[in-house]
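Observations on the three-dimensional arrangement
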Amino acid sequence: MVTLVLPRLVDVSAASRRSASVTERNVAALRSVYWLLLVSGFVEPLLYLLSIGVGVGALIGDLTLPGGTVVTYAAFVAPAMLASSAMTGALAETTFNFFGKMKYMKLYDGVIATPVQPFEIALGELAWAMLRGSAYSAAFLVVMVVMDLTTPVRALAAFPAAVLVGFAFGALGMAISTFMRSWQDFDLMSSAQFVLFLFSGTFVPAETYPVVLRWLVEVTPLYRAVHLIRALTVDTAGWSWLLDLLYLLVVLAVGLLIASRRMGRLLYK
């Protein structure tokens, strides 16, 4: 029994070290300018929160959520901005940057000459993306607490959820990037990302849409992310957030599987 289990444990440990080496390479390459990227990615959702959540919210007033919870409009928008921030940070690393390394810099062609495997490259790049997404999420949660849009306890509960959102979108973005042929293809992805941002229960409850459109909205990954974080930060009733959690875990697993397999085909062809 021991002889069957021990090699697997050793393999997992070795794979973790090799994945970490990919992450460490990115940290070493960009640590001098990385803080500028963090600032730029944090400012955009903050401006949306201040302009729409607070500014427009003064005209709208309070909202009653489906569970009966009454919240200010800023408290309604803030979780959506947090989810969008986690999505944006993860996608930025696992789409444009990942595609450039693989297609033009040929970075991974050199990496696979070492014992590092495509799946381990994918894990390492995903971990690197999450450093960026987690920094956005932590900073934004601090702003939410300072603005009294949530409580410190709920912010602590929402942080792991925001990290999961980043992981899910990071894996999804990496999988999509393996199908991209040129930089022009990213125009389609950017358009899709913006549509998700507008129509994922971000600024209005999904229940206000016509039935068919509401169904389409509710099956999108950003809506599930917004719904999950909103449930944790403003205490909406019910256990439907468990469905959000399962949905994002499936997106993470499927995205990572597709990305690693596609990378294997592209790098070893």
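Throughout what follows, the structure given in this document is the object of discussion. Numbering of residues starts from 1 in each chain and follows the order in which that chain's sequence is written. Restriction of local features to residues with pLDDT of at least 70 applies here, the model being predicted, together with a cutoff of 80 or more for giving and counting side-chain atom pairs; totals for whole chains, interfaces and linings are based on all residues. Values shown for side chains rest on all heavy atoms present in the structure; no hydrogens or waters enter the calculation.

Topic: the nonpolar core
For our purposes a nonpolar core is just a set of buried Ala, Val, Leu, Ile, Met, Phe, Trp, Tyr and Cys residues, chained together by side-chain atoms within 4.5 Å. For the exposure calls, accessible area comes from a 1.4 Å probe over protein chains only, and a residue counts as buried if that area is under 20% of its type's maximum, exposed if over 50%, partly exposed in between. In terms of nonpolar packing, the biggest core is built from 62 residues, with M81, Y108, I121, F169, L222 and M263 touching the most fellow members. Contact criterion: two residues are considered in contact whenever any of their non-hydrogen atoms come within 4.5 Å of each other. The contacts of L222, once residues within four sequence positions are left out, are A83, S84, M87, F169, L196, F197 and S200.

What about the pattern of salt bridges?
We define a salt bridge as a side-chain nitrogen of Lys or Arg found within 4 Å of a carboxyl oxygen belonging to Asp or Glu. Throughout the structure, instances matching the rule amount to four salt bridges. Its salt-bridge partner being E218, residue R214 comes within 2.8 Å of it at the nearest N-O pair. Residue R214 and its partner E218 are located together in helix α8 (residues 211-218), separated by four residues, close to a single helical turn. Judged by relative accessible area, which is 19%, E218 ranks as buried. A network of salt bridges, in which partner residues are shared, links E207, R214 and E218. Secondary structure elements are defined from DSSP: runs of H or I of at least 4 residues count as helices, runs of E of at least 2 residues count as strands, and each element is numbered from the N terminus.

Quick notes on the environment of A158
Here A158 shows up in helix α6 (residues 152-177). In this structure A158 comes out as buried when scored by relative accessible area, which is 0%. Residues A158 and L232 lie 74 residues apart in sequence; the distance between their C-alpha atoms is 5.8 Å. Contact partners of A158, with chain neighbours within four places excluded, come to L141, L232 and T233.

Here we look at the packing of aromatic side chains
In this analysis, rings of Phe, Tyr and Trp, with Trp reduced to its six-membered ring, are considered paired at centre separations within 6.5 Å, and the interplanar angle assigns stacked below 30 degrees, edge-to-face beyond 60, and tilted for intermediate values. Scanning all chains against the criterion turns up 11 aromatic pairs. Either the NZ atom of lysine or the CZ atom of arginine qualifies as a charge over a ring when it sits within 6 Å of the ring centre and within 35 degrees of the ring normal. Lying across the ring of F76, R230 places its NZ or CZ 3.7 Å from the centre. Note that R262 overlies the ring of F179, its terminal NZ or CZ placed 4.2 Å from the centroid.

Brief notes about helix α5 (residues 118-146)
Expected span of a helix: the number of residues minus one, times 1.5 Å. With 29 residues, α5 extends 42 Å between its outermost C-alpha atoms, agreeing within 8% with the 42 Å of an ideal straight helix rising 1.5 Å per residue. A positive backbone phi angle near 60 degrees is found at D148, which sits one or two residues after α5.

Comments concerning the environment of F140
Secondary-structure assignment places F140 in helix α5. Taking relative accessible area as the criterion, F140 reaches 0% and is therefore assigned buried. In this structure the C-alpha to C-alpha distance between F140 and S85, which are 55 residues apart in sequence, comes to 8.4 Å.

Quick look at the packing of α6 against helix α9 (residues 221-234)
Interaxial angles span 0 to 180 degrees and are taken between N-to-C directions of axes, which are lines fitted to C-alpha atoms, for helices over the stretch in contact. Direction vectors running N to C along α6 and α9 enclose 170 degrees, while the axes themselves pass 8 Å from each other. The angle between α6 and α9 places the two elements in the roughly antiparallel class. Note on element contacts: α9 touches α6 through P221, L222, A225, L228, I229, L232 and T233, opposite R154, A157, A158, A161, A162, V165, F169 and L172. A breakdown of the residues in the contact of α6 with α9 according to their chemical character gives 13 nonpolar, one polar and one charged. Geometric relationships in this document are graded by angle, where less than 35 degrees denotes roughly parallel, more than 145 denotes roughly antiparallel, 65 to 115 denotes roughly perpendicular, and other angles denote oblique. Three classes are used: nonpolar for Ala, Val, Leu, Ile, Met, Phe, Trp, Tyr, Cys and Pro, charged for Asp, Glu, Lys and Arg, and polar for all others, with Gly counted as polar.

A word on a nonpolar patch on the surface
A cluster of nonpolar side chains, contributed by F179, L246, V250, V254 and I258, occupies part of the molecular surface with about 440 Å² of accessible area. Relative to the helices and strands, V254 is located in helix α10 (residues 241-268). Using a relative accessible area of 42% as the deciding quantity, one classes V254 as partly exposed. For patches, a residue must show more than 30% relative accessible area and have no salt bridge; joins then use 9 Å for like charges and 5 Å for nonpolar side chains, namely Val, Leu, Ile, Met, Phe, Trp and Tyr. Per-residue and other accessible areas follow the Shrake-Rupley method at a 1.4 Å probe size, with only the shown protein chains counted as cover for residues.

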